[in-house]
Amino acid sequence: MSLKDIAPKHLFFVLLLLVTSNTTAFSTSPKKSAHLSPHNIRRSEIITMSKTKLSSSTSGPKSASRTATKMKSNNMRWAVRGIAGELFHNVFLRQIGRARKFIGTSKQQRLEEAKKVRLPVKNEVALITGATGGIGSSMAEELAFRGYDVIIAARNAELGKELVLDIQRKLDKSISTNNDNRGAKQQTPNISFIEYHADLHQSALDVASKLAVLNKSKPLTVLINNAGIMGKSEQLSMRVNLIGPVTLTLALLPMMMKNCHSDEKSSGIKIINVSSSAHLRATNVFDQEDLRSESKSLMNIFPDSPDEDLSTYAKSKLALLQFSTLLRHKLPKNKGIQVFDAHPGLVWTPLLRNHIGSKATNMLQKTGLAGVIYKSPLEGSQALLAALDYPAGTSKEQLYFVNGKPGGFASPESRDLQQAQQLLDRLIAPELEGILQLPDGW
């Protein structure tokens, strides 16, 4: 089967079906999984019964209808303001750009442009998490070619070490823009790997301890929170996608603040959180019923059952955006630390392929749809690179980078300081109690 064998009148629906499988389904209630133990099934039933009882006593019989309508509205917002724009960019604008580039340049020019050019060594350190595949590995390579010493923090040590060797080989074969001392072997950035498990508090603290030693000779100036999961347990999704990057960021924050120059315009300290348009599905992380809970930490509202409709994934990405809002609001304005959010878009990554399964993956590859609908990891990394290249200096504005430039649509809820403070008070602070001290004023 090839792309031309699919009837044009059905192509849009095929595209929509495959794209929606990437980020989420439109289902409003997850199915019960056959993998659940009797304990977890019973726990899920108790949570559902409790919510139904409380909802009916406070909001009346129309509450469930309003909730369902709200979810459908959120899905529509995500489809229109998120997926539709990403599809239009990937399927049309990207192809037009490729065609213009092909027509306007000769084969020799394209070959010259394809050669990797390495910038001079910066003597600065960039840390990126979850970088052993997909967007992360492409971004790690781009950081190295921009002169940063790169630390790859990820779970899989074998893949991490292979990536280190691969980037180092490419650096050794690359062309440097530094034409001084042409006869001598030119210095290349150091690439290293640190094992990091985003769901474990201690792992983040261990990474921070190792960075503290390296920071004495070369400052940490870039942190990219890229690690993430989807479709796993709801609670694990919140721990990896939110608590993990929060813990690592706050553990490294004192070090990064010391690395700031007194002149904020000369400072290049950047924290980049990798987001997703899926956050548009969620209008809050906690509803009013959740906030009335007497539990100190609201992590227990997220069960161990699979996040089959990816609604918790959406909430975790909204929560990470709200953490960015907290950082921008609470960090001293004269310290010059920039906090950005970047959405890579629809990208053909191992995370996606694992989520949609081998059958859909093979079909997308055989028909050629994968290359039409989805960006390559390198193309996906352009949003992160745009954030990295943004002029130094703090900004109160929430800059959301999409398709290689700022100005993407982030939801109003992601900028909601009240919701962000609730997130801090009811989830982040309780989860980090006894593990990590929050900064002064938090």
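Residues numbered from 1 in each chain as written. Predicted model: local features only at pLDDT ≥ 70, side-chain atom pairs only at ≥ 80, totals over all residues. Heavy atoms only, no water.

A. Layout of the overall build of the protein. Helix and strand content of the protein: 15 helices and nine strands. Residue burial in the protein is summarised as follows: out of 442 residues, 49% are buried. If you take every contact in the protein between residues at least 6 apart in sequence, the share linking residues at least 24 apart comes to 81%. Per element, the accessible surface of the protein, about 21700 Å² overall, is 56% carbon and sulfur. (Helix = DSSP H or I, 4+ residues; strand = E, 2+ residues; numbered from the N terminus. Buried < 20%, exposed > 50% of the residue type's maximum accessible area, 1.4 Å probe, protein only. Contact = heavy atoms within 4.5 Å. Areas by Shrake-Rupley, 256 points an atom, 1.4 Å probe, with all protein chains shown as cover.)

B. Geometry of the layout of surface pockets. If you add up the space inside the second largest pocket, you get close to 1100 Å³. Along the walls of the second largest pocket sit 44 residues, with Asn226, Ala227, Gly228, Ile229 and Leu351 positioned nearest its centre. The set of elements that each furnish at least two residues to the lining of the second largest pocket consists of α1 (8–23), α5 (134–145), β3 (149–154), α8 (234–259), α10 (311–330) and α11 (350–367). Within the lining of the second largest pocket, the residues separate by chemical class into 19 nonpolar, 20 polar and five charged. (1 Å grid on protein atoms, 1.4 Å probe; cavity = no way out; pocket = protein on both sides within 12 Å on 5 of 7 lines; lining within 4 Å. Points joined across faces, edges and corners; volume = space filled by probe spheres on them. Nonpolar A, V, L, I, M, F, W, Y, C, P; charged D, E, K, R; others polar.)

C. Looking closely at the sheet that holds strand β2 (residues 125–129). If you trace the seven strands from one edge of the open sheet to the other, you get β5-β3-β2-β6-β7-β8-β9, paired in parallel fashion. The open sheet has two edge strands with one neighbour each: β5 (191–195) and β9 (400–402). Pairs of neighbouring strands in the sheet enclose a mean axial angle of 20 degrees, with direction left out of account. In this structure, β2 lies alongside strand β6 (residues 220–225), joined through four bridges in parallel fashion. By the bridge assignment for β6, Ile128 is matched with Ile224. Packed onto the sheet, helix α6 (residues 157–173) meets β3 and β5 and runs at close to 170 degrees relative to β5. Docked against the sheet, α10 engages β7 (270–274), β8 (338–343) and β9, running at close to 160 degrees with respect to β8. (Pairing = 2+ DSSP bridges. Axes fitted to C-alpha atoms, helices over the stretch in contact; angles between N-to-C directions.)

D. Layout of the packing of α8 against α10. Relative to each other, α8 and α10 sit at 15 degrees, their axes nearing to 8 Å. On the basis of their axis angle, the class for α8 and α10 is roughly parallel. For the element pair α8 and α10, the recorded crossing hand is right-handed. Between α8 and α10, the contacting residues are Glu234, Ser237, Met238, Asn241, Leu242, Pro245, Val246, Thr249, Leu250 and Leu253 on the first element and Thr312, Tyr313, Ser316, Ala319, Leu320, Phe323 and Leu327 on the second. Class assignment for the residues of the contact of α8 with α10 results in 11 nonpolar, five polar and one charged. (Parallel < 35°, antiparallel > 145°, perpendicular 65-115°, else oblique. Left-handed = near helix turned anticlockwise from the far one by under 90°.)

E. Fine view of empty space enclosed by the protein. Scanning the entire structure with this criterion turns up three cavities of 30 Å³ or more. Volume-wise, the second largest cavity comes out at about 40 Å³. Top contributing element to the lining of the second largest cavity by residue count: helix α15 (residues 417–432), with three residues. Its residues placed into classes, the lining of the second largest cavity shows three nonpolar, four polar and no charged.

F. Fine view of the packing of α10 against α15. At a closest axis distance of 9 Å, the pairing of α10 and α15 adopts a crossing angle of 105 degrees. Taken as axis vectors, α10 and α15 run roughly perpendicular relative to one another. Counting all contacts with α10, which are made through Ala319, Gln322, Phe323, Thr325, Leu326, His329 and Lys330, the residues of α15 involved are Leu417, Gln419, Ala420, Gln421, Leu423, Leu424 and Ile428. Of the residues belonging to the contact of α10 with α15, the class tally is eight nonpolar, five polar and one charged.

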